[in-house]
Amino acid sequence: MIGDLHCHTTLSDGSLGIEEVILQAKRMNLDYLAITDHDTLSSSNRAHILGERYGVNIIPAVELSAWDKTRNMKVHILCYAPQKPDRLEGLCLKSCSIRTECAKDMINKVMERYPIPQDAVRMYTKGSKSIFKQHIMRALCNYGYATELYGEINNKLFAYPNGECLVQREYPDVNFVLDLIHSSKGVAVLAHPYLFDNLELMDELIEKGKLDGIEVYHYSADSAQQAELLKKCAEHDLIATGGSDFHGLYNSEVTYIGSRFTDDANMHKLLDKIAENKQKSKKHSAEAQQNQ
């Protein structure tokens, strides 16, 4: 039993729709798939229906944007199977609003340098809950100012942290985000800790007991780094997850659905944790009804 627990669709910054992603998961013989679009759980209902149709088990999920205020750095948290997803709605709306406002400022900066119409970007955001840098770069490619999504022009405009058109604002505090995930009875996993250099934060969150798992198998970590993360998971009884971080056309690295995955043992640990959360949620609901 294996699962790709990190992929994106057109609801955020992926280029394939929900059905196309699930069909590809089926072709790759995956048992489980988690669609983790940025700051939205909108895929959940449709993904569940399509998963049943094509024989792929779907785990409702979302990749939440957060901020490490101590180190002034961004961080992503993967949330799996929240039993009370409505508790995350306000957070998702806030983060999507922050991202869209940043994108609007970036588009204005780009238009000062390259005379493209604003609608050139929006035509690529249909269905997405936000506007992403990839959408802007695709518009620049379409108008002939770049020949690739990731290359010299992208680095000049959007390279972190000094890109000429890069605009960033703080997302909600990571501790608040983790507390909200657990309030929603979801499973909280630190996404790709090497990608944003979140290692110090990771240790801090483990010490506080705020993480249920770490994304070990991700293209941003080499074999030695994965071994270190696995050791950390073993020492603290955390779930070691893996996923492709698939974005389709918008991938910055070569990665495809099923290229990295969560193994059988850790899938069982995740499913057990989800079952535990589900039981707790039912118990709390029953107690709340009795007290009314």
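You'll find the structure just up there.
Reading the values: the criteria
Residues numbered from 1 in each chain as written. Predicted model: local features only at pLDDT ≥ 70, side-chain atom pairs only at ≥ 80, totals over all residues. Heavy atoms only, no water. Helix = DSSP H or I, 4+ residues; strand = E, 2+ residues; numbered from the N terminus. Buried < 20%, exposed > 50% of the residue type's maximum accessible area, 1.4 Å probe, protein only. Contact = heavy atoms within 4.5 Å. Pairing = 2+ DSSP bridges. Axes fitted to C-alpha atoms, helices over the stretch in contact; angles between N-to-C directions. Right-handed = clockwise from strand over helix to strand, strands pointing away. Phe/Tyr/Trp six-rings, centres within 6.5 Å; stacked < 30°, edge-to-face > 60°. Lys NZ or Arg CZ within 6 Å of the ring centre and 35° of its normal. Salt bridge = Lys/Arg side-chain N within 4 Å of Asp/Glu carboxyl O.

1. Digging into the environment of A25
Part 1 of the reasoning: Within the element layout of this structure, A25 appears in helix α1 (residues 18-27).
Part 2 of the reasoning: On the basis of relative accessible area, A25 is assigned to the buried category, the value being 0%.
Part 3 of the reasoning: Expressed as a C-alpha distance, the spacing of A25 and G51, which sit 26 residues apart in the sequence, is 9.7 Å.
Part 4 of the reasoning: In contact with A25, not counting residues within four places along its chain, are L30, L33, V56 and I257.

2. Topic: the environment of L33
Part 1 of the reasoning: By the secondary structure assignment, L33 is in strand β2 (residues 32-35).
Part 2 of the reasoning: Sequence separation between L33 and G248 is 215 residues, and the spatial gap between their C-alpha atoms is 16 Å.
Part 3 of the reasoning: Setting aside chain neighbours within four positions, we find L33 in contact with D4, C7, V21, I22, A25, V56, N57, I58 and I59.

3. Topic: the sheet that holds β2
Part 1 of the reasoning: Here we have three strands laid out as an open sheet, ordered β1-β2-β3, and parallel in their pairing. Only two strands of the sheet have a single neighbouring strand rather than two, namely β1 (3-7) and β3 (57-58).
Part 2 of the reasoning: The pairing of β1 with β2 spans three bridges and is classified as parallel. In the sheet register, G3 faces β2, and the bridge partner there is Y32.

4. Brief notes about the pairing of strand β6 (residues 187-190)
Part 1 of the reasoning: Alternating positions in β6 separate into two faces, V187 and V189 on one and A188 and L190 on the other, with burial throughout.
Part 2 of the reasoning: Two elements, strand β5 (residues 73-80) and β6, share four bridges in a ladder whose sense is antiparallel. In the sheet register, C79 faces β6, and the bridge partner there is A188.
Part 3 of the reasoning: Bridging between β6 and strand β7 (residues 213-217) involves two bridges; their strand directions are parallel. The residue bridging L190 from the neighbouring strand is I214, located in β7.

5. A few points about the sheet that holds strand β8 (residues 239-242)
Part 1 of the reasoning: Strands sit in the order β4-β5-β6-β7-β8 across an open sheet of five strands; the sheet is mixed. Edge positions in the open sheet fall to β4 (61-68) and β8, since each of these has one partner strand only. The mean angle between the axes of side-by-side strands here comes to 40°, regardless of whether they run parallel or antiparallel.
Part 2 of the reasoning: Direction of pairing for β4 relative to β5: antiparallel, over a ladder of eight bridges. Looking at the pairing, L64 lines up with I77 of β5.

6. Some thoughts on the pairing of β1
Part 1 of the reasoning: For β1, the buried fraction is high: five of the five residues fall into the buried class.
Part 2 of the reasoning: For the crossover from β1 across α1 to β2, the handedness is right-handed.

7. Considerations on the packing of aromatic side chains
Part 1 of the reasoning: All chains considered together, the criterion is met by one aromatic pair.
Part 2 of the reasoning: Where Y114 meets Y145, the ring centres are 5.0 Å apart and the plane angle is 55°; that geometry is what we call tilted. Taken together, the residues span a long stretch of sequence, with Y114 in the loop between α3 (89-113) and α4 (119-122) and Y145 in the loop between α5 (133-142) and α6 (152-158) at a distance of 31 residues.
Part 3 of the reasoning: Note on Y114: relative accessible area 11%, which makes it buried.
Part 4 of the reasoning: Taking NZ or CZ as reference, K74 lies 5.6 Å from the ring centre of Y160, over its face.

8. Topic: the pattern of salt bridges
Part 1 of the reasoning: Going through the model one piece at a time under the given rule, you end up with 16 salt bridges.
Part 2 of the reasoning: Here K208 ties to E204 by a salt bridge, and the two come within 3.8 Å at their closest N and O atoms. Separated by four residues within a single helix, K208 and E204 lie in helix α8 (residues 199-208), roughly one turn from each other.
Part 3 of the reasoning: With relative accessibility at 45%, the residue K208 sits in the partly exposed group.
Part 4 of the reasoning: One salt bridge in this structure joins E276 and K273, with 3.8 Å as the shortest N-O distance. One end of the pair, E276, and the other, K273, are both in helix α10 (residues 264-291), three residues apart, so they sit about a helical turn from each other.
Part 5 of the reasoning: Residue E276 is classed as partly exposed on the basis of its relative accessible area of 34%.
Part 6 of the reasoning: One network of salt bridges, with partners in common, ties together D68, R71, E200, E204 and K208.

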